[in-house]
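Observations on the model geometry
Spelled out from the first residue to the last, the chains are:
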Amino acid sequence: MTFNKKRGSISEHLILWIPKFIYLVIVFLSVIFLLRMLVINNIDSSEAEARILANRIFYSPNVISYYDSEIKRVYPSTIDFEKYRKLQNTDINEIDTKSITYGKENKLIAAKLTLQNIETNAQDIVFYNKDGYEFWEPRLLSTVAGGSGSVDSITNQRYVLIKSNNKIEKGILNMQVIVRK
Amino acid sequence: MSCKRGNRFLNSKKGMDIDLWFNVFELVIVFLVGLVLLDTVNNEVKGTAFEKNYFARDSALLINTIYASPGDINYNYPDKTDNFFFDFSKNRVVVYEQNELVEGGVTEYPFAEDLNYLFLYNKIPNRHLNIIYKKTNDNVEVKYVPQKFAPGGGMIRGGGASDILK
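Residues numbered from 1 in each chain as written. Chains lettered and ligands numbered in written order. Predicted model: local features only at pLDDT ≥ 70, side-chain atom pairs only at ≥ 80, totals over all residues. Heavy atoms only, no water.

1. A closer look at a nonpolar patch on the surface
Rule in force here: The patches described consist of residues with a relative accessible area above 30% and no salt bridge, like charges being joined within 9 Å and nonpolar side chains (Val, Leu, Ile, Met, Phe, Trp, Tyr) within 5 Å. The Shrake-Rupley method, run with a 1.4 Å probe, gives the accessible areas here. Residue values count only the displayed protein chains as cover. By salt bridge we mean one thing: a side-chain nitrogen of Lys or Arg within 4 Å of a carboxyl oxygen of Asp or Glu. Where helices and strands are cited, they refer to DSSP runs of H or I of at least four residues and of E of at least two residues respectively, numbered from the N terminus.
Side chains of Leu20(B), Trp21(B), Val24(B), Val28(B), Phe31(B), Leu32(B) and Leu35(B) sit close together on the surface and give an oily, nonpolar patch of about 730 Å² of accessible area. Looking at the element boundaries, Leu20(B) is found in helix 2 (residues 13–46).

Next comes the structure, spelled out in structure tokens:
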């Protein structure tokens, strides 16, 4: 009889303890959540990443700039049009596989280069990581689902010289770089 | 009905005993939760996740920048990195502390290689003096200057760096 009474009382206590326990868990999780909110662990380096890629395309001897192999000098403002033409009209070009390669898959950065000849007004487009660019470009618009905040973009415009068959013409190189955050 | 019975029981001596034990149990639970909370706060504050993330990104961006340079480069990394291991492998930099390869907690960040250059992959242990990024001719490499231990057990740092580099 006494044992039954005691058992009944313990179960009542346990039932009464459930809301207290839930309250304790809520307080514990709230403190952890607030702490994680206050301690900053994220670094947004997307803009630096984009600017470094734009400079790498422009200054590296192995991408599009004219390189004199005899004196081992790069001419960063002179685009070697022969090199540039080879990179056009291919989904995966030499920049993706050799000059600026992230391995099998590039899930970080993409770019579109538009070279405009001022004299003839012709435009030539080269993509770096074309699949990535086509996937991320719509996400630059805030109206697209998954957009606005998921990717960052910079546009870089430079006046250049276009060297083609010993002929030099004036041009504008427009680089749009998209980086996934 | 059962509530009435429970109240009656709680007012009895045995009921008081159980009530007291439950209060003690509550105090123990709150104390344990408090300890876990303090430990979590301590770990969060002392955690090196931010530093590892920073060094992994900075090293990867630095390699990208070195590849972008038209000429040769020899760059001494200025920040204090001697608490961390650095693993420069194919297309990625991995930063971790002692035992973290087994226990978890490594941070990595990708960088883009230029296959026209030979990247000499390297593992840099902790307790190094500084890290040197170098690009010469067709090679890119990341080296380190080890800390020099004096025979008596003391460690030479800072001012001794120039001697070691010689």
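2. Points about the pattern of salt bridges
Applicable threshold: Relative accessibility thresholds used throughout: buried, under 20% of the residue-type maximum; exposed, over 50%; partly exposed, between the two (1.4 Å probe, protein chains only).
Scanning the model with the defined rule gives eight salt bridges over all chains in all. Of the charged contacts, one joins Lys20(A) and Glu26(B) as a salt bridge, the two residues approaching to 2.7 Å between their closest N and O atoms. Taken together, the residues span two chains, with Lys20(A) in helix 1 (residues 2–38) and Glu26(B) in helix 2. Here Glu26(B) falls in the buried class, since its relative accessible area comes to 17%. As a salt-bridge pair, Lys107(A) and Glu105(A) come within 3.7 Å of each other at their nearest N and O atoms.

3. Remarks on the interface of chain B and chain A
Note the following rule: Throughout, a contact is declared for two residues whenever any of their heavy atoms are within 4.5 Å. By definition, the buried area sums, over both parts, the 1.4 Å-probe accessible area that each loses when the two are put together. We define a polar contact as two N or O atoms separated by no more than 3.5 Å, with the added condition that, inside protein, one atom must be a possible hydrogen donor and the other a possible acceptor, whereas residues neighbouring each other in sequence contribute only through side-chain atom pairs.
Each partner contributes to the interface: chain B provides 39 residues, whereas chain A provides 40 residues. Both faces combined, the contact of chain B with chain A buries some 3700 Å², and carbon together with sulfur accounts for 66% of it. On the surface where chain B and chain A come into contact, there are one salt bridge. Scanning the region where chain B abuts chain A turns up ten residue pairs in polar contact (both at pLDDT 80 or more). At the level of elements, helix 1 (2–11), helix 2, helix 3 (49–68) and strand 4 (107–110) of chain B are the ones that each hand at least two residues to the side of chain B that touches chain A.

4. Some remarks on the pairing of strand 4 of chain B
All names here are of chain B. The following threshold applies: Any two strands with at least two DSSP-identified bridges between them are counted as paired.
Burial along strand 4 is one-sided: the residues Thr107 and Tyr109 are buried and none of Glu108 and Pro110 is. Both strand 3 (residues 92–96) and strand 4 contribute to a ladder of four bridges, which runs antiparallel. Along strand 4, the bridge assignment pairs Arg92 with Pro110.

5. Describing empty space enclosed by the protein
Inclusion rule: Definitions used for this entry: grid spacing 1 Å over protein atoms alone; cavity, a set of points where a 1.4 Å probe fits but cannot get out; pocket, an open set with protein on both sides within 12 Å along at least 5 of 7 lines; lining residue, one with an atom within 4 Å of a point. Grid points are joined across faces, edges and corners, and a volume is the space filled by probe spheres set on the points. As a working rule, the residues Ala, Val, Leu, Ile, Met, Phe, Trp, Tyr, Cys and Pro are called nonpolar, Asp, Glu, Lys and Arg charged, and the rest polar, with Gly in that last group.
Considering all chains together, one arrives at one cavity of 30 Å³ or more under this definition. Considering only enclosed or pocket space, the largest cavity measures out at about 60 Å³ in volume. Taken together, Glu49(A), Ile52(A), Leu53(A), Arg56(A), Ile100(A), Tyr102(A), Ile109(A), Leu61(B), Asn64(B) and Ala112(B) make up the full set of residues lining the largest cavity. When residues of the lining of the largest cavity are traced back to their parent elements, those giving at least two are helix 2 (46–59) of chain A together with helix 3 of chain B. Tallying contributions element by element places helix 2 of chain A first for the lining of the largest cavity, with four residues. Here the lining of the largest cavity is composed, by residue class, of seven nonpolar, one polar and two charged.

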